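So you can see what is in the structure, the chains are spelled out below.
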Amino acid sequence: MSYAQYNRYPYNPEYYGRHIAILRQSKDTAPDGSYSYSYDTENGISVAEQGRPKNIGPAQIEEVRGQYSYTAPDGTPILVTYIADENGFQASGAHLPTPPPIPPAIQRALSYNAAHPEEEEPYRRY
């Protein structure tokens, strides 16, 4: 088989759009497994993240904290901060949807249940 048969679709540098310049970039890694990196681009994207290994009992996880920002097509500035650890990935930002508040009647019922735990009946076998 010739090279032309393998390369049926030649690489097109314009396929992914315009190239964006990196204005500032930093990266640091340590022997203990911790790291940090950040960069800013000419189109206003800014990213920063740091992570470190964390022991949870016999397991080891990566604890990561970071943020990124950019300007949405409608001109709205977007900022997302996040943490990823033993509790999963948790992002926050003013533009992200939030759940509606718990209705007062449901909140009162939850508070009452928490204040008045009932004893559980032991499991019966017949």
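Quick note: structure is the one above.
The rules behind these values
- Residues numbered from 1 in each chain as written.
- Predicted model: local features only at pLDDT ≥ 70, side-chain atom pairs only at ≥ 80, totals over all residues.
- Heavy atoms only, no water.
- Salt bridge = Lys/Arg side-chain N within 4 Å of Asp/Glu carboxyl O.
- Helix = DSSP H or I, 4+ residues; strand = E, 2+ residues; numbered from the N terminus.
- Buried < 20%, exposed > 50% of the residue type's maximum accessible area, 1.4 Å probe, protein only.
- Pairing = 2+ DSSP bridges.
- Axes fitted to C-alpha atoms, helices over the stretch in contact; angles between N-to-C directions.
- Contact = heavy atoms within 4.5 Å.

K.L.:
Got a sec to walk through the pattern of salt bridges? Specific residues and values, please.
P.N.:
Applying the stated rule across the entire model yields four salt bridges. The salt bridge involving Glu63 is made with Arg52; its shortest N-O contact spans 2.9 Å. Here Glu63 is found in strand 4 (residues 59-71), whereas its partner Arg52 is found in strand 3 (residues 46-56), with eleven residues between them in sequence. Overall, the relative accessible area of 11% leaves Glu63 in the buried class.

K.L.:
Quick rundown of the sheet that holds strand 6 (residues 88-92)? Include the residues and the values.
P.N.:
If you walk across this open sheet you meet the six strands as 1-2-3-4-5-6, and the pairing is antiparallel. The open sheet has two free edges, formed respectively by strand 1 (22-29) and strand 6, since each of these has just one partner strand. Between one strand and the next, the sheet's axes are offset by a mean angle of 10 degrees, whatever the strand orientation. Examined bridge by bridge, strand 4 and strand 5 (residues 77-85) share eight bridges and lie antiparallel to one another. Following the sheet pairing, Gly66 is matched in strand 5 by Tyr82.

K.L.:
I'd like to hear about the side chain of Thr41, residue by residue, with values.
P.N.:
Along the chain, the position of Thr41 falls in strand 2 (residues 35-41). Residue classification places Thr41 among the buried positions, given a relative accessible area of 10%. Once residues within four sequence positions are removed from consideration, Thr41 is found in contact with Ile20, Ala21, Ile22 and Leu23.

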